[in-house]
Amino acid sequence: MSKIGIIGGTGLTSLDELSIVSTESVDTPYGSPSSELVKGEFAGKEIIFLARHGKDHTIPPHKINYRANIWALQNAKVSEIIAVAAVGGIHRDIPPEKIVIPDQIIDYSYDRRHTFFEDNLAHVTHIDFTHPYSELLRQKLLQAAIDSKVDVCESAVYGAMQGPRLETAAEIRRLERDGCDIVGMTGMPEASLARELNIDYACCALSVNWAAGKSESEITMEEIQHAIENGMIAVKSLLEKFLLHR
Ligand code: HPA
């Protein structure tokens, strides 16, 4: 049977509500995933949870083995992934603690192993990536937001930066001119690798700070932590409704 995978990001290294059935360390042809695969039940549904930055949150965005993570989930029969991610808000409607279900991506990341299609190919393969997220999954997340009475931003362009540093104000102005509404560091190549393996993928992003230059003050880890603590409560209730209706 196909399963749902949840990739937890900053602020979601575990799901306390998950009743764990088993944990599995897996090896893949691409190396080790960020964490064990935690198999369990959440809202009565079987899910597989993976902590993107490792269970102790020690792997920075540019060091994540995205290929191993996606491959391991597919190998565990996951056919749908919800990627939870902390982001900075660029658009004025996306302040800290706002949840966003993005519909587009611009990839500014570099020097990441970003494809499964590079060695021993029978033929060169180009995936269609016009719509980087599964529209069906996005709609289900939006319905879950309504059901859980969580106010979300229904579409947004996610700018994927290299990190681990935050951006300069000028970089954020550039992203804004490009049409980005939110900025994060892990959205790519995660989304395109999922597409390469035909896994439906959507993102539930939580704004945890105003992007650089979008507020008077500097960005502090305290402010980010505060937004994560408050915002993840809503993310979890949205996920719960999402799973209830599966
Ligand atoms: N920039 C990039 N990634 C982020 C940010 C940000 O401001 N906040 C959380 N992840």
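Because the structure is predicted, anything quoted here is derived from the model rather than measured. (Residues numbered from 1 in each chain as written. Predicted model: local features only at pLDDT ≥ 70, side-chain atom pairs only at ≥ 80, totals over all residues. Heavy atoms only, no water.)

Chemist: Explain the nonpolar core here, please?
Modeler: A general trend in soluble globular proteins is that nonpolar side chains are found buried together. Core analysis: the biggest nonpolar cluster contains 35 residues, and L37, I70, L73, I81, V100, I182 and Y201 have the highest contact counts within it. Every element with two or more residues in this core is listed here: β4 (45-51), α1 (66-75), β5 (78-89), β9 (157-160), α4 (190-196) and β11 (200-210). For this core, the element with the highest residue contribution is β5, accounting for 5 residues. In contact with L73, other than residues within four places in its own chain, are I7, L37, I48, L50, V78 and I81. One finds I99, L141, V150 and V208 within the second-largest nonpolar core, a separate group that totals 34 residues. (Core = buried A, V, L, I, M, F, W, Y, C linked by side-chain atoms within 4.5 Å. Buried < 20%, exposed > 50% of the residue type's maximum accessible area, 1.4 Å probe, protein only. Helix = DSSP H or I, 4+ residues; strand = E, 2+ residues; numbered from the N terminus. Contact = heavy atoms within 4.5 Å.)

Chemist: How do you make sense of the side chain of H53 when you look at a structure like this?
Modeler: Structurally, H53 can be placed in the loop between β4 and α1. What makes H53 buried here is its relative accessible area of 6%. Only 2.7 Å separates the side chain of H53 from the backbone oxygen of I59, close enough to count as a polar contact. (Polar contact = N/O pair within 3.5 Å; in protein donor to acceptor, adjacent residues only side chain to side chain.)

Chemist: What's the story with the site of the ligand in this structure? I'm lost.
Modeler: Lining the immediate surroundings of the ligand are A86, V87, G88, L166, E167, V183, G184, M185, V208 and N209. In this structure, a nitrogen atom belonging to the ligand sits 2.7 Å away from a side-chain N or O atom of E167. N209 is positioned such that a nitrogen or oxygen atom in its side chain is 2.6 Å from a nitrogen atom of the ligand. Relative to its unbound accessible surface of 260 Å², the ligand loses 92% to contact with the protein. (Near = heavy atom within 4 Å. Areas by Shrake-Rupley, 256 points an atom, 1.4 Å probe, with all protein chains shown as cover.)

Chemist: Got a minute to help me understand helix α5 (residues 221-244) in this structure?
Modeler: Helical periodicity: at 3.6 residues per turn, an α-helix aligns residues three or four positions apart in one direction. Under the 1.5 Å per step criterion, the end-to-end length of α5 is 34 Å for 24 residues, consistent within 8% with the ideal 34 Å. G231 marks where α5 bends most, by close to 30°. (Expected span 1.5 Å × (residues − 1). Bend = angle between axes of the 7 residues up to and from the residue.)

Chemist: I'm lost on unusual backbone geometry in this one. Help?
Modeler: Note: most residues except glycine have negative phi, and most peptide bonds are trans. Cis rather than trans, the peptide bond between G163 and P164 has omega equal to 0°. The residue K77 is not glycine, and still its phi comes out positive at about 70°. Looking at the secondary structure, you find K77 in the loop between α1 and β5.

Chemist: Looking at this structure, I do not really get the side chain of S207. What am I missing?
Modeler: Here S207 lies in strand β11. On the basis of relative accessible area, S207 is assigned to the buried category, the value being 0%. A distance of 3.4 Å separates a polar atom in the side chain of S207 from the backbone oxygen of I94. Apart from residues lying up to four places away in sequence, S207 is in contact with V87, G88, G89, I94, P95, P96, E97, K98 and A227.

Chemist: What exactly am I supposed to notice about the packing of aromatic side chains here?
Modeler: To describe a pair of aromatic rings, you give the distance between the ring centres and the angle between the ring planes. Inspection of the entire model under this criterion finds 2 aromatic pairs. Taken together, a centroid distance of 5.1 Å and an interplanar angle of 70° make the contact between Y30 and F116 edge-to-face. Highlighted residues: Y30 in the loop between β2 (19-24) and β3 (37-42) and F116 in the loop between β7 (104-107) and α2 (135-147), separated in sequence by 86 residues. Judged by its relative accessible area of 27%, Y30 is partly exposed. Consider the rings of Y133 and Y201, whose centres lie 6.2 Å apart with planes at 10°: the pair is stacked. Residue Y133 is found in the loop between β7 and α2, and its partner Y201 is found in strand β11; the two are separated by 68 residues along the sequence. Overall, the relative accessible area of 4% leaves Y201 in the buried class. (Phe/Tyr/Trp six-rings, centres within 6.5 Å; stacked < 30°, edge-to-face > 60°.)

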